[in-house]
Amino acid sequence: MRRSVVVGTGSALPERAVGNAELAARIDTSDEWIRTRTGIANRYVAGEGETTASLATTAARRALEAAGLASADIGLIVLATATPDQTFPASATIVQHELGCHGGIAFDVAAVCSGFVYAIGVADAMLRVGAAQRALVIGAETFSRILDWEDRATCVLFGDGAGAIVLEAREESDDPRVARGVLATRLHADGRHNQLLFVDGGPSTTGTVGKLRMRGKEVFRHAVTNLSDVLVEVLDEVGMQPGDIDWLVPHQANARILEATAKKLGLDPAKVVITVDRHANTSAASVPLALDAAVRDGRIRQGDLVMLEAMGGGFTWGASLLRM
Ligand code: UT7
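Residues numbered from 1 in each chain as written. Predicted model: local features only at pLDDT ≥ 70, side-chain atom pairs only at ≥ 80, totals over all residues. Heavy atoms only, no water.

Quick look at the side chain of Glu309
Consideration 1: Summarising the element assignment, Glu309 is placed in strand β12 (residues 305-312).
Consideration 2: Among buried charged residues, Glu309 stands out as having no salt bridge; its nearest opposite-charge side chain is Lys264, 12 Å away.
Consideration 3: The residues touching Glu309, leaving out its near neighbours within four places in the chain, are Val117, Leu227, Leu231, Leu248, Val249, Pro250, His251, Thr261, Val287, Gly318 and Ala319. (Helix = DSSP H or I, 4+ residues; strand = E, 2+ residues; numbered from the N terminus. Buried < 20%, exposed > 50% of the residue type's maximum accessible area, 1.4 Å probe, protein only. Lys, Arg positive; Asp, Glu negative; His and termini not counted. Salt bridge = Lys/Arg side-chain N within 4 Å of Asp/Glu carboxyl O. Contact = heavy atoms within 4.5 Å.)

Examining the pairing of strand β11 (residues 247-250)
Consideration 1: Covered by surrounding structure in β11 are Trp247 and Val249 together with Leu248 and Pro250, the residues of both alternating faces.
Consideration 2: Relative to β12, β11 runs parallel, the two being bridged by four bridges. Considered in β12, the bridge of Pro250 is made with Glu309. (Pairing = 2+ DSSP bridges.)

With respect to the environment of Ser30
Consideration 1: Its place among the elements puts Ser30 in the loop between α1 (20-26) and α2 (31-38).
Consideration 2: The spacing of Ser30 and Asn20 is ten residues in sequence and 7.1 Å in space, taken between C-alpha atoms.
Consideration 3: In this structure the side chain of Ser30 is engaged in a polar contact, spanning 3.0 Å, whose partner is the backbone nitrogen of Trp33. (Polar contact = N/O pair within 3.5 Å; in protein donor to acceptor, adjacent residues only side chain to side chain.)

Examining unusual backbone geometry
Peptide bonds are trans in most cases, and residues, glycine excluded, mostly fall at negative phi.
Consideration 1: Going from Phe88 to Pro89, the amide bond is cis rather than trans, its omega being 0°.
Consideration 2: Topologically, Pro89 is positioned in the loop between β4 (76-80) and α4 (91-99).
Consideration 3: Non-glycine residue Val112 carries a positive phi angle of around 50°.
Consideration 4: Checked against the element boundaries, Val112 lands in the loop between β5 (105-109) and α5 (115-128).
Consideration 5: A residue is classified by how much of its surface remains accessible, and Val112, at 26% relative accessible area, is partly exposed.
Consideration 6: A positive phi angle, near 55°, is found at Ser283, a position not held by glycine.
Consideration 7: Structurally, the position occupied by Ser283 is in the loop between α9 (276-279) and α10 (286-296).
Consideration 8: Judged by relative accessible area, which is 0%, Ser283 ranks as buried.

Have a look at this one:
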């Protein structure tokens, strides 16, 4: 059967790293509070000229290079972001223009922190029906531009960055136990909670961009339950167990959420890829940033069974199981 196989990964970070101590010098917080509550030690903050689309383009170029492909080989670009360069056009079209691969399909997906998993679901479905042969799936954000830098409960948590993968449609085995590629994806949303994590502005309401607002404790509580449920749902679909997973690449919001989710599933913590300490929460960029980090440091290899998962504003959440 036709499946979408990851043939390259890439990522990009802004130049400027901001450690906890720098934040503690500006607002009423401490390195100790941030580390113990979240596991975050550092984040990157976009400077002048660095935008969601520019970071996305760099990550995409690195993924293409890793795949040994040219931009002309790409027929579909799906960019997950909640912080586009402009309200419209889609930042994916800016990336397409920068890469110089005109004429294919390019659009953005808005599912906030779950955006990359949603984008994989959409791109995989399109590749399997033959809408394109190869896709760039990108998660890119500049949350630093929508943070309230006076709100210590949120501004210490987020960072900027981008990650990308190249998916290629290939004929693979029907048997998920041997096939490479995306094996199963499950996506969910529950709009009853759309005011627990949101931005207090928008083009159709205030005419402004707005700032991020979050009721962190409630998000935390839902995250652990929703994530462990959707992981089991995806594994059930392919008849596998948590013990079959080689690597869990989760959305990097809080090290405590990652530990609690792994524990609930009985997963070995050594199989969980953690980058929240270095990158903080980069929303839609966090899963592909972590995936690329673990591919480049040699942990994730071809043939490994990898589970991606994320949860974010909406609420939205989902998971995707793939063999590299
Ligand atoms: O990416 C989308 C998904 N997002 C998430 O998954 C985030 C989920 N939520 C969380 O990760 C956690 O709830 C937080 C890290 C946001 C907060 O941790 P918490 O253990 O739930 O802390 P809290 O909000 O209950 O705050 C505890 C205390 C409060 O003080 P009082 O009321 O106990 O006196 C806060 O005012 O910590 C205080 N506080 C801070 N202190 C120092 C809040 N932010 C800070 C800060 N520095 N930056």
